[in-house]
Amino acid sequence: MAFPWNHVIGITGGIGSGKSAVLEILARHGFFCLSADRLTHELLAPGGLAVDQICSLFGSEVLNQEGGIDRRLLGTLVFRNQDRKKALEEVLHPLVLSQSETAFTTALANGEDLLAYESPLIFEARLDQRGFRQIALVICSLETRIDRVMARSGLPREAILLRIQNQMPDEEKVKKADIVINNDGNLEDLEHEVLQKLLRVPPE
Ligand SMILES: Nc1ncnc2c1ncn2[C@@H]1O[C@H](COP(=O)(O)OP(=O)(O)O)[C@@H](O)[C@H]1O
Ligand SMILES: [Mg+2]
């Protein structure tokens, strides 16, 4: 049976918009939360389920010393190379999706009725067609995003800007989202936004 995504609130937005920060707030308020980025990291970590397949696709030079995938190198290899990007996504997306559906199914069976899923690619990967309960888009100004990602990752400004410019623009996503969460303020302001806009959505 297809997984009932209508139980799940989707959290999306570009790099550094604050999706994970929103997810943390939801978790503190009793939501069962999954992050596609986090699941991807696990798939690419030493012993991860995707490591062998990624190695056969891109060669053993993408392995790091610990036997996981060097995600920064992988990012460089697929950046602006549509064929490679597609090949990578064809390995990762089905795995992330099936792991998410398994974990959400278990959570539902355990009586959890507040479920949230963070993914930067809900619209790009057409997950919005799966019938989420609501899709919330997190937005904040370009400068703030760059500053926050610089502080988080140490990546240079130019590299972050290129990544942002390579994603679907927020203006397009705003039209598709059910809820827009503004994250230009501090974490307390964000919590207020989330409480106002997301905790009011009644459970399915
Ligand atoms: N309102 C905020 N005030 C201060 N720092 C924030 C705020 N929102 C997010 N951050 C920080 O900015 C960085 C990017 O946020 P994050 O939630 O990881 O973004 P995303 O998951 O969308 O890439 C993180 O280090 C996070 O802790
Ligand atoms: Mg995140």
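Parameters at a glance
The numbers attached to residues start from 1 for each chain and follow its sequence in the written order. Whichever chain is written first becomes A and whichever ligand is written first becomes 1, with later ones labelled in order. This being a predicted model, a pLDDT of at least 70 is required before a residue's local features are given, and a value of 80 or more before pairs of side-chain atoms are given or counted; all residues contribute to the totals for chains, interfaces and linings. To obtain the side-chain values, all non-hydrogen atoms of the structure were included, while hydrogens and water were left out. What we call a nonpolar core is a set of buried Ala, Val, Leu, Ile, Met, Phe, Trp, Tyr and Cys residues that are connected through their side-chain atoms within 4.5 Å. Burial classification: accessible surface area is computed with a 1.4 Å probe over protein chains only, and a residue below 20% of its type maximum counts as buried, one above 50% as exposed, and the rest as partly exposed. A run of H or I in DSSP becomes a helix once it reaches four residues, and a run of E becomes a strand once it reaches two; helices and strands are each numbered from the N terminus. Each domain's limits were defined by an automated method or a database of domain assignments. Whether two residues are in contact is decided by their heavy atoms: any pair within 4.5 Å suffices. Pairing of aromatic rings covers Phe, Tyr and Trp, the last counted by its six-membered ring, and requires centre-to-centre distances within 6.5 Å; plane angles under 30 degrees mean stacked, over 60 mean edge-to-face, and any other angle means tilted. We call an atom a donor if it is N, O or S and sits within 2.8 Å of the metal, or 3.2 Å for Na, K and Ca. Water is not counted, so some sites may look partial. We call a residue near a molecule or strand as soon as one heavy atom of that residue lies within 4 Å of the molecule or strand. As used in this structure description, the phrase polar contact means that two N or O atoms lie within 3.5 Å; if the pair is within protein, one of them must be able to donate a hydrogen and the other to accept it, and residues adjacent in sequence are counted only when both atoms belong to side chains. Buried area: the accessible area, evaluated with a 1.4 Å probe, that two parts lose upon being put together, summed over both parts. A pairing counts as a salt bridge when a side-chain nitrogen of Lys or Arg comes within 4 Å of a carboxyl oxygen of Asp or Glu. Amino acid classes used here: Ala, Val, Leu, Ile, Met, Phe, Trp, Tyr, Cys and Pro are nonpolar; Asp, Glu, Lys and Arg are charged; the rest, including Gly, are polar.

So what exactly am I meant to see when it comes to the nonpolar core here?
Side chains of a nonpolar character, in soluble globular proteins, are inclined to be buried together. In this structure, Trp5, Val8, Ala50, Ile54, Phe104, Tyr117 and Phe132 are the most contacted members of the largest nonpolar core, which totals 34 residues. Contributions of two or more residues to this core are made by α2 (36-44), α3 (51-58), α4 (71-78), α5 (82-109), β3 (115-118) and β4 (134-139). Considering each element in turn, this core owes the most residues, 8 residues, to α5. Lining this core are residues from two domains, each supplying at least three of them: domain 1 (1-31 + 114-198) and domain 2 (37-113). Once residues lying within four places of it in the same chain are set aside, the contact partners of Ile54 are Leu44, Gly59, Val62, Ile69, Leu74, Leu88 and Val91. The next biggest cluster of nonpolar side chains, apart from the first, holds 15 residues, and it includes Leu23, Phe31, Ile181 and Leu198.

Quick question: what am I supposed to make of the packing of aromatic side chains here?
Aromatic ring pairs are described here by two measures, namely the spacing of the ring centres and the angle between the planes. Applying the stated criterion across every chain yields a total of 8 aromatic pairs. Ring plane angle 70° and centroid distance 5.2 Å describe the contact between Trp5 and Tyr117, whose orientation is recorded as edge-to-face. Residue Trp5 is located in the segment before β1 (8-12), and its partner Tyr117 is located in strand β3; the two are separated by 112 residues in the primary sequence. Here Trp5 and Tyr117 have matching classes, each one buried. Plain terms: the ring middles of Phe32 and Phe104 are 5.9 Å apart, the flat faces sit at 65° to each other, and that makes the pair edge-to-face. Of this pair, Phe32 sits in strand β2 (residues 32-35) while Phe104 sits in helix α5, and the two are 72 residues apart along the sequence. The structure contains a cluster of three or more aromatic residues connected by ring pairs, namely Phe3, Trp5, Phe32, Phe104, Tyr117 and Phe132.

Is there a simple way to explain the coordination of the magnesium ion (ligand 2) in this structure?
Six octahedrally arranged donors around a metal ideally form angles of 90 or 180 degrees; four tetrahedrally arranged donors ideally form angles of 109.5 degrees. Protein coordination at the magnesium ion (ligand 2) comes from Ser20 (OG) and Glu118 (OE), with a distance range of 2.1 to 2.4 Å. One end of the pair, Ser20, is in helix α1 (residues 19-28); the other, Glu118, is in strand β3, and 98 residues separate them in sequence.

In this structure, what is going on with the site of ligand 1? I would like to understand it.
Close to ligand 1 lie 15 residues; Gly16, Lys19, Ala21, Arg152 and Asn183 are nearest. For ligand 1, an oxygen atom lies 2.9 Å from a polar atom in the backbone of Gly16. Ala21 places a polar main-chain atom, nitrogen or oxygen, 2.9 Å from an oxygen atom of ligand 1. Of all the secondary structure elements, the ones that give two or more residues to the shell around ligand 1 are α1 and α6 (142-153). Counting residues per element, the shell around ligand 1 draws most heavily on α1, which supplies 3 residues.

Is there a simple way to explain the domain arrangement of the chain in this structure?
In many reports, interface size means the accessible area that the parts give up when they come together. Its domain assignment divides the chain into domain 1 (1-31 + 114-198) and domain 2 (37-113). Taken residue by residue, the interface counts 22 residues in domain 1 and 17 residues in domain 2. When the two sides are added together, the surface that domain 1 and domain 2 hide from each other amounts to roughly 1700 Å², 61% of it contributed by carbon and sulfur. When the buried surface of domain 1 facing domain 2 is broken down by residue, Phe3, Leu115 and Asn166 rank first, second and third, together holding 29% of it. At the surface where domain 1 touches domain 2, the tally comes to 1 salt bridge. Ionic pairing is found between Arg130 and Glu101, a salt bridge with its closest N-O pair at 3.5 Å. Where domain 1 touches domain 2, the interface holds 3 residue pairs in polar contact (both at pLDDT 80 or more). Secondary-structure elements contributing two or more residues to the side of domain 1 that touches domain 2 are β3 and α7 (157-165). The element that contributes the greatest number of residues to the side of domain 1 that touches domain 2 is β3, accounting for 4 residues. Looking at the side of domain 1 that touches domain 2 residue by residue, the class counts come to 14 nonpolar, 4 polar and 4 charged.

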